[in-house]
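Descriptive structure summary
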Amino acid sequence: MSERSSAARIVALLALVALTAPQHGCRRESADRKQTITLNYAIFFPSSHVQYQTAEAWAKEIEKRTEGKVKITLYPGGTLSKAPQTYQAVQDGVADVGMSCFAYTPGRFPLLEGLDLPLGYPDGKTASRIATDMVMKYEPKEVAGAHVLYVHAHGPGILASKKPVKSIEDVKGMKIRATGLSAKIVEALGGTPVGMSQPETYEALQKGTVEATFCPIETLKGWKQGEVIQSVTDTSAIGYTTSMYVVMNRDKWSALPADVQKVFNEVSAEWVVKHGEAWDQADEAGRQFIRQLAPPREILSLDADEQARWVAAVQPVLQGYVEMTKANNLPGAELIRDIQARIAEAKAKGE
């Protein structure tokens, strides 16, 4: 073989390598782009509930903004994890994302129990903003087991009962469904708290296991509980809330590319308000729902003097929380002051 022929072959071989190498790289890059991050999402709300639908819209928005790189499948109605076990399920990796209530696991979130105190929350949007801001500000160790995406919270809790409640005396001895700190509110008012999640409450009211429930008024439609009560008492003077976390498994979060994490953060920040607005819209729908039942359920108001009695009655709940957090070296008093300041600011602005 001549030197000229050998040189030609070497040149041809190098040219072939140069042509094929970039094409191989492109194929690998294309495959990487097409790889989808699939996540499951445990949520205790049924698929018919507005909060499930709002969560579903969050998932779809993330899929849209990541151009299909992320796909989130929701499991409603506690099918992937029951409400009280959801945080642990996310921490253990059974669920990638989960939504539930801090109040469903009493004692596990000692500082954040303060979010639910009867501080006079005016509406769900205000409660959701405050709850998220407080979690992000204080970053308590109790939520270090998962990555917090955001928090939302319902509007002021009311008392829905099987018989009219017109004064604090009517509460005495009444068995009332309550969770977390709302159970302490029941005790402060002289009632008997019975702990259970929302999915259990309809049957409990129907069978008379409980005689009333503390809840946002939306629950009377969202969980159909208006069908098994007869009266609603507006107790917004002691407007407590139930704050709900949306958390993600820490390993799954850490494995997300930076650009995808950015999308999660941006969408989650927007959805705090969307969940709050959904709560408020659902509250109004709840009022309309019970008015349209046969017979319509009555909504009772407390006069100013009676409201003052209820407010005074629950003060030991706030004090008990402060003492508990102080004993555990937690900034409970500071948290309450922050929340009260934010509520006052929101009311002053008419938000």
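Small disclaimer: the values here were computed from a predicted structure and weren't measured.

With respect to the helices and strands, Thr54 occurs in helix α2 (residues 50–65). Not counting chain neighbours up to four residues away, the residues in contact with Thr54 comprise Trp271, Lys274, His275 and Ala278.

Here the focus is helix α4 (residues 124–138). For α4, spanning 15 residues, the distance from its first C-alpha to its last is 21 Å, which sits close to the expected 21 Å at 1.5 Å a residue. Looking at α4, one finds that the buried residues are Gly124, Thr126, Ala127, Ser128, Ile130, Ala131, Thr132, Met134, Val135 and Tyr138. Elements that come into contact with the buried residues of α4 comprise β4 (147–153), β10 (243–248), α9 (258–292) and α12 (332–349). Where α4 starts, the residue carrying a side-chain oxygen 3.3 Å from the main-chain nitrogen of Lys125 turns out to be Asp123.

As a further point, take the packing of α2 against α9. For the pair α2 and α9, interaxial distance at closest approach is 10 Å and the crossing angle is 155 degrees. Relative to α9, the element α2 lies roughly antiparallel. Seen from above, α2 lies across α9 with right-handed handedness. Within the contact between the two elements, α2 uses Val50, Gln51, Thr54, Ala55, Ala57, Trp58, Glu61, Ile62 and Arg65 and α9 uses Val263, Phe264, Glu266, Val267, Ser268, Glu270, Trp271, Lys274, His275, Ala278, Trp279 and Ala282. Taken together, the residues that form the contact of α2 with α9 break down as twelve nonpolar, four polar and five charged.

This part takes up the packing of α4 against α12. It is the contact of α4 with α12, at a shortest axis distance of 11 Å, that shows an interaxial angle of 145 degrees. Crossing hand, α4 versus α12: right-handed. Contacts between α4 and α12 pair Thr126, Arg129, Ile130, Asp133, Met134, Lys137 and Tyr138 from the former with Glu334, Leu335, Asp338, Ile339, Arg342, Ile343 and Ala346 from the latter.

Attention now goes to the confidence of the model for the protein. Averaged over every residue, the pLDDT of the protein is 91; residues scoring 70 or more account for 90%. Scored below 50 in pLDDT, residues 3–8 makes one contact in the model with residues more than four places away or belonging to other chains. When the criterion is pLDDT under 50, residues 10–33 qualifies, and its contacts beyond four places in sequence or with other chains add up to one contact.

Before going further, it helps to examine the nonpolar core. A general trend in soluble globular proteins is that nonpolar side chains are found buried together. With 54 residues, the main nonpolar core has Leu189, Trp310 and Ile339 as its most contacted residues. If we ignore the near neighbours within four places in the chain, the residues touching Trp310 are Leu159, Val165, Ser167, Ile168, Val171, Leu189, Thr235, Ile238 and Leu302. Phe44, Ala59, Ala83 and Trp279 belong to the second largest nonpolar core, which has 33 residues in total.

According to the stated counting rule, one finds twelve salt bridges in the structure shown. A salt bridge links Glu203 to Lys207, with the nearest nitrogen and oxygen atoms 2.6 Å apart. Within this pair, Glu203 and its partner Lys207 are both found in helix α6 (residues 198–207), separated by four residues, close to a single helical turn. Note on Glu203: relative accessible area 42%, which makes it partly exposed. Between Arg287 and Glu284 there is a salt bridge, and its shortest N-O distance comes to 3.3 Å. With Arg287 and Glu284 both in helix α9, this residue pair falls three residues apart, about one helical turn.

The rules behind the values
- Residues numbered from 1 in each chain as written.
- Predicted model: local features only at pLDDT ≥ 70, side-chain atom pairs only at ≥ 80, totals over all residues.
- Heavy atoms only, no water.
- Helix = DSSP H or I, 4+ residues; strand = E, 2+ residues; numbered from the N terminus.
- Contact = heavy atoms within 4.5 Å.
- Expected span 1.5 Å × (residues − 1).
- Buried < 20%, exposed > 50% of the residue type's maximum accessible area, 1.4 Å probe, protein only.
- Polar contact = N/O pair within 3.5 Å; in protein donor to acceptor, adjacent residues only side chain to side chain.
- Axes fitted to C-alpha atoms, helices over the stretch in contact; angles between N-to-C directions.
- Parallel < 35°, antiparallel > 145°, perpendicular 65-115°, else oblique.
- Left-handed = near helix turned anticlockwise from the far one by under 90°.
- Nonpolar A, V, L, I, M, F, W, Y, C, P; charged D, E, K, R; others polar.
- pLDDT = per-residue confidence, 0-100.
- Core = buried A, V, L, I, M, F, W, Y, C linked by side-chain atoms within 4.5 Å.
- Salt bridge = Lys/Arg side-chain N within 4 Å of Asp/Glu carboxyl O.

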